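# Coordinate inspection notes
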Amino acid sequence: MFRRMLPALAMVALVMAAGLASADVTEWKGTETLVLGDHFAISIENPDGEVLLIAYDIKVDSGPAIDIFVLDDEGYEDYTSRDPDGFKYYRDLSRLDTEEAKVVFPWSDEGTVHIVIDNTAAETVPPLGDPVATVTYKVGADLSGAVWVYWWLPLFIFGLILMLIVILLIFVNRANAKKEAAAAAKAEPPAEPGT
């Protein structure tokens, strides 16, 4: 049975790998030096409101901790205009007073998502030492609409492992049944001829 399923499992694995390989990922990466009061933003457009998978990996190489804000268009406009009422940002996707952050999240809002690397003390206390932050960043956005691959792949792998365990148990049970049948056949006394 397992031999019959092996080609099907291999085909599924190839399809999944092809989906990962063909993903339309756009990347922004580099190093920025931000003096106190400075910020750097990466803006990712989503005009159709499709589901994008966005990941950022940001690290302070030297200098003070920074804030990383994930903002929609309205929040970014309030942020850049220094609105006295403040600005709204996505708290669960943002990181405050950090020296390193790695975050992956889906985004389906129509418009633009802005990832802001902030050294303006907007949400944190200004640093006492060197106020200049040197930051290495890498931001990726999967624009292919294949976000399901990333979210469903662990579930698929779990299901595949579970299926393999069930198949293995079936083989073990069959092997045990054959051994028991062979042992039972040997244990039976031979039939006496002529009775």
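What this report covers is the structure whose coordinates are included nearby. (Residues numbered from 1 in each chain as written. Predicted model: local features only at pLDDT ≥ 70, side-chain atom pairs only at ≥ 80, totals over all residues. Heavy atoms only, no water.)

### So, the pattern of salt bridges
- One pass over the full model with this rule turns up 1 salt bridge.
- Between Glu 27 and Lys 138 there is a salt bridge, and its shortest N-O distance comes to 3.8 Å. You can see Glu 27 sitting in strand β1 (residues 25-34) and its partner Lys 138 sitting in strand β8 (residues 133-142), a full 111 residues away along the chain.
- With relative accessibility at 40%, the residue Lys 138 sits in the partly exposed group. (Salt bridge = Lys/Arg side-chain N within 4 Å of Asp/Glu carboxyl O. Helix = DSSP H or I, 4+ residues; strand = E, 2+ residues; numbered from the N terminus. Buried < 20%, exposed > 50% of the residue type's maximum accessible area, 1.4 Å probe, protein only.)

### Focus on the pairing of strand β3 (residues 52-62)
- In this structure, β3 lies alongside strand β6 (residues 100-107), joined through 8 bridges in antiparallel fashion. Note on β6: the bridge partner recorded for Ile 54 is Phe 105.
- In this sheet, β8 lies alongside β3 in antiparallel orientation, the contact comprising 9 bridges. What sits directly across from Ala 55, in β8, is Gly 140. (Pairing = 2+ DSSP bridges.)

### Here's the deal with the side chain of His 114
- With respect to the helices and strands, the residue His 114 is situated in strand β7 (residues 111-119).
- Look at His 114 and you get buried, because its relative accessible area is 7%.
- Side-chain polar atoms of His 114 contact the side chain of Asp 73, separated by 2.9 Å. (Polar contact = N/O pair within 3.5 Å; in protein donor to acceptor, adjacent residues only side chain to side chain.)

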